[in-house]
Amino acid sequence: MDSSRKKMSKWRQTAVTPPTQLQKSDASSGTPSPRNLSGDQPSDARPLNDSPGPERLGDLSLDTPKRKAEVLDDSRPSLGRVKLRKLTKKYSDTFRALKCVVLKGEDSPKRFAAQDSVFVETTSQDKLFDTENEPEAADSDSSVPVLEPIPDSQQDQSPSVNSLGVWASYPYNQASQVGFIDTHCHIDMLYGKLGFRGTFRSFRRLYETSFPSEFQGCIADFCNPRIMVKEALWEGLLTEDLVWGAFGCHPHFAKDYSSFQEHNILMAMRHPKAVAFGEMGLDYSYKNSTNASKQKEVFERQLRLAVAMRKPLVIHCRDADDDLLVIMKKCIPRDYKIHRHCFTNSYPVIEPFLKEFPNLYVGFTALITYSKAREARDAVRQIPLNRIVLETDAPYFLPNRVSKDVCRFSHPGMGIHTLRELSLLKGEDMGTVLTAVRHNTNQLYGI
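The following refers to the structure shown. All figures in this text were calculated on a predicted structure; none of them were measured in a lab.

## Regarding the packing of helix 10 (residues 292-309) against helix 11 (residues 321-331)
One way to put it is that helix 10 packs onto helix 11 with a least axis distance of 10 Å and a crossing angle of 35 degrees. Seen along the crossing, helix 10 lies across helix 11 with a hand that is right-handed. In this structure, helix 10 contributes Lys296, Phe299, Glu300, Leu303, Arg304 and Val307 to the contact, and helix 11 contributes Asp323, Leu324, Ile327, Met328, Lys330 and Cys331. Of the residues that constitute the contact of helix 10 with helix 11, the class distribution is seven nonpolar, no polar and five charged.

Structure (structure tokens):
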């Protein structure tokens, strides 16, 4: 029995309930339904000072299926829910409903970063999430700018393009079987925008023309804890091959963060394929309605929990780099593994982070395939290749030159376009870049 099967067998000791019905999405609107679901936080939700926190992670217990049904008002599953439950059972017989399990084990944290607590007010019912608060691609231009010309010396290395605008081949030795992992994507949002229902395997078959042979998997990030339990999409996804998970609270949702939501994040983090905590961070842009003070409180709390669990961090930052660095220095050991997700800024902005945290990696998306993203492209040239990881941040950042006839939104397979651009910007062949980025992913996430 290989190590992954052993981990899945161990996971049987912790209860995971079957997925509930996915909400229908208006594919034509381009807005994912998860952002507009009604609140599910129980009326007796505790303030964060009553949450287990980093000091009591080992004593955290899972809710019983009955209790979870009461919380979600899901005691009578619909036909859609039954189908999804059957789907989950088809891909794994290890997910069983246990009446009560205490989360204890050899990997439970033995020491913690701090003893203080954070207080966050909660209400009996969450407010509807406005789509204005939805995490969106920063500085993404809806127009498609013209690509910068490729020097004549590199013209003979340009990949061929098929009729759909998808790169069909690359000038490197594919016999080496080097591949890539998309280190950050939002499959739940992608499915919502496309109105897709099914397994990730069936999704790859549907869009097989844009999933290259180099694709070796993705890390699906679930950053809206309010809907994480209601949909339970992650539970089915993590039973599949080529999918890992990360869980946290995005700063756009920090104002509603509660002990109930934290409890659900910590339960999900116990899954053997949960490889990171986040995304979390600070966002001072106009798109975020949560005040800075609240964001800092929730960010610090998640950092302490993540360090207590010894999980890599996925950090989101927009227009808040100074405050972010201060908090990270205070809460994170210097040698900790960190993913600075979706970097779109200039090199001087990221340089202090690279110097302060030697195990921090910078994630780049297909934004760098656009010539207008001058700052991000220049940052790629200056950041050492051994500090870069690949991500798509799907469904955002559709790569330049990829027609919407291929897919209306970016998906994990399209990371190959970012890799090609990394190769051109770094002046390295594709094989070298693939090998380096794959090694960095393994160093950061262990996959």
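Picking up after the structure, the text goes on.
## Thoughts on the packing of aromatic side chains
Scanning the model with the defined rule gives 13 aromatic pairs in all. Taken together, a centroid distance of 5.3 Å and an interplanar angle of 80 degrees make the contact between Phe196 and Phe203 edge-to-face. Just as Phe196 is buried, Phe203 falls in that class too. With 6.2 Å between their ring centres and 10 degrees between their planes, Phe200 and Phe203 make a pair best called stacked. Here Phe203 and Phe200 lie together in helix 6 (residues 200-206), a separation of three residues that amounts to about one turn. The buried category is assigned to Phe203, whose relative accessible area is 0%. Just above the ring of Trp244 sits the side chain of Lys273; from NZ or CZ to the centre is 5.9 Å. A cation over a ring is seen here: Arg340 above Phe353, with NZ or CZ 5.0 Å from the ring centre.

## Let's talk about the environment of Tyr370
In this structure, Tyr370 sits in the loop between strand 7 (360-364) and helix 13 (374-382). According to the relative accessible area criterion, Tyr370 is buried, its value standing at 13%. Remark: the alpha-carbon pair of Tyr370 and Pro399, spanning 29 residues in sequence, is separated by 7.9 Å. Only 2.6 Å separates the side chain of Tyr370 from the backbone oxygen of Leu398, close enough to count as a polar contact.

## Concerning helix 10
Between its first and last C-alpha, helix 10 extends 26 Å over 18 residues, near the 26 Å set by a 1.5 Å rise per residue. Counting buried positions along helix 10 gives 14 out of 18 residues, so the element sits mostly inside the fold. Between the side-chain oxygen of the N-cap and the backbone nitrogen of Ser293 there are 3.2 Å, and the N-cap of helix 10 in question is Asn291. Positive backbone phi, approximately 60 degrees, marks Arg310, located one or two places after helix 10.

Here is what the cut-offs are and how they apply
- Residues numbered from 1 in each chain as written.
- Predicted model: local features only at pLDDT ≥ 70, side-chain atom pairs only at ≥ 80, totals over all residues.
- Heavy atoms only, no water.
- Axes fitted to C-alpha atoms, helices over the stretch in contact; angles between N-to-C directions.
- Helix = DSSP H or I, 4+ residues; strand = E, 2+ residues; numbered from the N terminus.
- Left-handed = near helix turned anticlockwise from the far one by under 90°.
- Contact = heavy atoms within 4.5 Å.
- Nonpolar A, V, L, I, M, F, W, Y, C, P; charged D, E, K, R; others polar.
- Phe/Tyr/Trp six-rings, centres within 6.5 Å; stacked < 30°, edge-to-face > 60°.
- Buried < 20%, exposed > 50% of the residue type's maximum accessible area, 1.4 Å probe, protein only.
- Lys NZ or Arg CZ within 6 Å of the ring centre and 35° of its normal.
- Polar contact = N/O pair within 3.5 Å; in protein donor to acceptor, adjacent residues only side chain to side chain.
- Expected span 1.5 Å × (residues − 1).

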